[in-house]
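# Tertiary structure, described
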Amino acid sequence: MSDFGAVLESAVALLRGLPRRRAHVEAARRSAAQWTAENPGTDAQLVVDIRPGTPVVDYDLLLAHPDGGTVALSAPAEEGVPWLIEHSTHWAAGQLVSVDEVHLSVAQALTMLRSLSRTTMSPHEEIVEQCLVLNEVMADDEPPAVEDLQAAADEFRRGRGLHDRAATIAWLEQVGMSLPQFEEYVGGIARRRRFRRRKEAELAPAHLATHRAEFARVRAVWVTGPDPLAPAAPADLIAAPAELVAAFTAAAGEAQATVGDRWEYELPEPLRGAEPGSAVGPVRHEKGFLTGLVIERRPAEDDPATLAAAGQAAFNAWLAERRERASIEWHWS
C-alpha cells in the first residue's frame, strides 16, 4: 500500500472513532488535531456537520493529496449516508428559521406549533424562544427520566383531549406522525422542561435577592372600567371588599372588578407600592380608569412558592436577554 493509502486507512479509523455527540465536538477536534500532527503534510481539516434539532453530529476530513488537490473523506457510522449527500440541495431548503445553532425545518415547526400555548405571544415569537432553549439542550446527553417523559406526554394529550391510547393513535394517524416520532417529540419536550426547571432553580435565589419587593404577597381589590368610579371610605373598603366589588359592578355594567392575592409585580401599575388601607384612584389606566385599594402586603420570604415565582421571572428575563444576543434568520424564500 502506498504511503497515502496508509494515510487514508488511518484517516478512516480516525473518523469512525470520533464521538458523534454535539457535547463532544471539541474532543473530536482535539483528536483530529493530534492525528494531523502525527501525519505531517496532510494539512488535514475536520469539517463538522451539526444536525438541526438533534445532538448527533457527522464529520468529514479534508486531506491534501501528495500530487496536489484535496481529498474529502467521509466515514458515516453504521449504515449512514454521507452528510454531503443528505445536504446535496441548498442547506436552507425546507428550513423555516435559524436561531444560532438551531436550524428549524418547516416540518419541525409545524410539529412544534402543536405545543405552543402562550396567548401573549405570536407563534413566530414563541418558535424563536423554543429554538433558544433547543440551543441549550442539544448538548445534553442525559436521557429524560421516565416520570418526565410521562408528564410531558400526559400534558400533551390532555391539551388535545386525547384521553386514551386509541384516541392518541387515531390523532397520530390523522397528523401523519408515527409512534417513534411522537416518542422523540415528547422526549424533546421533556428535555426542554427539564432545562427550564433547572435554570429557574439556578437563577431564582439571586433574582429574588435583587427584586425582593416585587415578590411581596399583596391582597388587593380594584375595579377597571371606561368611566371613573369614586371609592368609598378606605375603612369600608377594608372591612367589606366584596361589597365594594358589588357596588362598583352595579354602578357600571362595563366595569371589571377583581379581589385576590397577587405578587406585587402582577398588580396593576397604579397599585404597586401603595400603602395598605389607602385608596387609589380613580386614575387613568390602560384604556379607561382604575379605582382600588391594597388591603394587605406581606414581605417576600424565601419559601418554595416565592422562589418558584422568582425563578419563572428570572428565566423569562434570561430568555429575553438571550433573544437580544441571538442570530435569527427567517427563510421565507
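Here we summarise the structure given alongside this text. If you're wondering where the values come from, they're calculated on a predicted model, not measured in any experiment.

### Re helix α1 (residues 3-17)
Over its 15 residues, α1 runs 21 Å from end to end, which matches the ideal 21 Å to within 8%, given 1.5 Å per residue. Looking only at α1, the buried set comprises Phe4, Gly5, Val7, Ala11, Leu14 and Leu15.

### Some points on the sheet that holds strand β9 (residues 288-298)
Strand pairing within a sheet occurs via backbone hydrogen bonds; the two strands may be parallel or antiparallel. Strand order in this open sheet of four strands is β7-β6-β9-β8, and the pairing throughout is antiparallel. In the strand order of this sheet, the two ends are held by β7 (256-263) and β8 (279-285), each with one partner. The average angle at which neighbouring strand axes cross in this sheet is 25°, direction not considered.

### Some thoughts on the pattern of salt bridges
Considering all chains together, one arrives at 14 salt bridges under this definition. Among the ionic pairs, Glu202 bridges to Lys199, the shortest N-O distance being 3.6 Å. Residue Glu202 and its partner Lys199 are located together in helix α8 (residues 179-210), separated by three residues, close to a single helical turn. Relative accessible area serves as the criterion here: at 54%, Glu202 is assigned to the exposed category.

### As for the packing of aromatic side chains
Tallying each qualifying case throughout the model produces eight aromatic pairs. The interplanar angle of 70° and the centroid separation of 6.3 Å between the aromatic rings of Phe195 and Phe315 together place this pair among those described as edge-to-face. Of this pair, Phe195 sits in helix α8 while Phe315 sits in helix α11 (residues 304-325); the two residues are 120 residues apart in sequence, bridging distant segments of the chain. For the pair Phe195 and Phe315, a shared accessibility class is recorded, and that class is buried. For the pair Phe215 and Trp263, a centre-to-centre distance of 6.3 Å together with 65° between the ring planes defines the contact as edge-to-face. Residue Phe215 is located in the loop between α8 and β6 (217-225), and its partner Trp263 is located in strand β7; the two are separated by 48 residues in the primary sequence. A single burial state applies to Phe215 and to Trp263, both of which are buried. Taken together through their ring pairs, the aromatic side chains of Phe156, Trp171, Phe182 and Tyr185 make up a single cluster. Across from the ring centre of Trp263, 4.4 Å away, lies the NZ or CZ of Arg217, which sits over that ring.

### Examining the nonpolar core
Grouped together as the largest cluster of nonpolar side chains are 19 residues, with contacts concentrated most on Leu15, Leu18, Trp35, Leu46, Tyr59, Leu61 and Leu63. Where this core is concerned, the elements lending two or more residues are α1, α2 (25-38), β1 (45-50) and β2 (57-64). Examining the composition of this core, we find that five residues originate from one element, α1, more than from any other. Leave out the neighbours within four places in its chain, and Leu46 touches Leu15, Leu18, Ala28, Arg29, Ala32, Tyr59, Asp60 and Leu61.

### As for the packing of α1 against α2
Orientation of α1 relative to α2, taken along the N-to-C sense of each, is 165°, at an axis distance of 11 Å. In terms of axis orientation, α1 runs roughly antiparallel to α2. The handedness of the crossing between α1 and α2 is right-handed. Side by side, α1 and α2 meet where Val7, Ser10, Ala11 and Leu14 of the first sit next to Ser31, Ala32 and Trp35 of the second. Its residues assigned to classes, the contact of α1 with α2 comprises five nonpolar, two polar and no charged.

### Overview of helix α6 (residues 146-159)
Within an α-helix, residues lying three or four positions from one another point in the same direction, as the helix has 3.6 residues per turn. Counted at 1.5 Å a residue, the expected span for α6 with its 14 residues is 20 Å, and the 20 Å between its end C-alpha atoms agrees. All of the buried residues along α6 are Asp148, Ala152, Ala153 and Phe156. Buried residues of α6, viewed axially, fall in a sector of 130°; they line one side. In α6, the exposed positions angled more than 90 degrees off the buried face are occupied by Val146, Glu147 and Arg158. Residues of α6 that are buried make contact with α7 (165-175) and α8. In the segment just after α6, Gly161 is the residue with positive phi, at about 70°.

Analysis parameters
Residues numbered from 1 in each chain as written. Predicted model: local features only at pLDDT ≥ 70, side-chain atom pairs only at ≥ 80, totals over all residues. Heavy atoms only, no water. Helix = DSSP H or I, 4+ residues; strand = E, 2+ residues; numbered from the N terminus. Expected span 1.5 Å × (residues − 1). Buried < 20%, exposed > 50% of the residue type's maximum accessible area, 1.4 Å probe, protein only. Pairing = 2+ DSSP bridges. Axes fitted to C-alpha atoms, helices over the stretch in contact; angles between N-to-C directions. Salt bridge = Lys/Arg side-chain N within 4 Å of Asp/Glu carboxyl O. Phe/Tyr/Trp six-rings, centres within 6.5 Å; stacked < 30°, edge-to-face > 60°. Lys NZ or Arg CZ within 6 Å of the ring centre and 35° of its normal. Core = buried A, V, L, I, M, F, W, Y, C linked by side-chain atoms within 4.5 Å. Contact = heavy atoms within 4.5 Å. Parallel < 35°, antiparallel > 145°, perpendicular 65-115°, else oblique. Left-handed = near helix turned anticlockwise from the far one by under 90°. Nonpolar A, V, L, I, M, F, W, Y, C, P; charged D, E, K, R; others polar. Arc of directions from axis to C-beta.

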